[in-house]
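# Architecture and fold: a report
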Amino acid sequence: MGKRVHQIFVFSGTGNTWHLAKRMAELLGDAEISFVAGFRHDATVLAQGDTVGIATPVYAGGLPALVKIFLAKLVLRRQAWSYLLLTNGGMPFGAGRQGVQILGRQGVEVGGVFSVRMPDNSPSHLVRMFAWRRKALLARADRSAEAVAEAVQERRHERSAGAFPWVTELLHERLLARFRHPPLWADAQCTGCGVCREVCPVENIVMDGMHRPQWLQQCEGCFACVAWCPSRAIQVGRFSRGLPRYHHPDVSLEEMRGVRRGTSLKRFSQEGTGVGER
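Residues numbered from 1 in each chain as written. Predicted model: local features only at pLDDT ≥ 70, side-chain atom pairs only at ≥ 80, totals over all residues. Heavy atoms only, no water.

Below, the discussion takes up the overall build of the chain. Per the secondary structure count, the chain includes nine helices and 12 strands. Per-residue burial over the chain gives 51% buried out of 278 residues. Sequence-distant contacts, at least 24 apart, represent 77% of the contacts inside the chain between residues at least 6 apart. (Helix = DSSP H or I, 4+ residues; strand = E, 2+ residues; numbered from the N terminus. Buried < 20%, exposed > 50% of the residue type's maximum accessible area, 1.4 Å probe, protein only. Contact = heavy atoms within 4.5 Å.)

Printed below as a string of structure tokens:
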């Protein structure tokens, strides 16, 4: 049997899932990573990989709205093996089951569902997490990527059953509806640089005539705008001033700007090194 080509589709706001997808690609070799946000929402997506992974955070106990739309348009090659890689700051609840059901309606059988705990990016949660705890979580996540990559190489049918899946069934859509109109705003420290607009994975931010950000109606609640603002000017409600901000320490702003640039972002060689953007 010839060598396999691996394809990973990723949604990421603050870089947790993007970092994990990169780590997976390095471990698998001959892998290509594509940002979900780069694809048209009204067009079928034909995956070319022998293994196809969808790496996504869990928001509001379920999958981001854009990821659900993407999964409903995804078509795999015959004999391709697919898996879901979920990152979450708490529990995945029924997010894995949600993805399996959507892909099942496309005739795609999901071979594996893997869940990896990573730091929560909400300022209110960050204030309760010590730096050593974040560092430990990140180190554990990298070790988890090794185990997941091994399972993908072997095409092991593993499904991490999320606890309390009824949370997703009962509350996910209600919570997502609240995310559509988040209490996000820019304080007087805003310089009008536009970084928030550049990193938003769903193009939900526009700059007004005063070069200040305005949020539209399709927010995913990823907090990318909060995390990447160089002035820490974007606030969540009334009580986030002075609270910590978080993005993955090994992910750069330039990488996250790629969320809205093209689709095929990076390919990794068999030796596991990045060999360029497309």
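The next thing to look at is the pattern of salt bridges. What the rule picks out here adds up to 10 salt bridges. Between E150 and R156 there is a salt bridge, and its shortest N-O distance comes to 3.6 Å. Given the relative accessible area of 44%, E150 is considered partly exposed. The structure contains a network of salt bridges with shared partners spanning E150, E154, R156 and E158. (Salt bridge = Lys/Arg side-chain N within 4 Å of Asp/Glu carboxyl O.)

Detailed reading of the predicted coordinates is not advisable wherever pLDDT is low. Of all residues in the chain, 84% attain a pLDDT of 70 or more, and the chain-wide mean is 86. Considering each helix and strand of the chain separately, the mean pLDDT is smallest for strand 12 (residues 264-268), with a value of 62, and largest for strand 4 (residues 51-57), with 97. (pLDDT = per-residue confidence, 0-100.)

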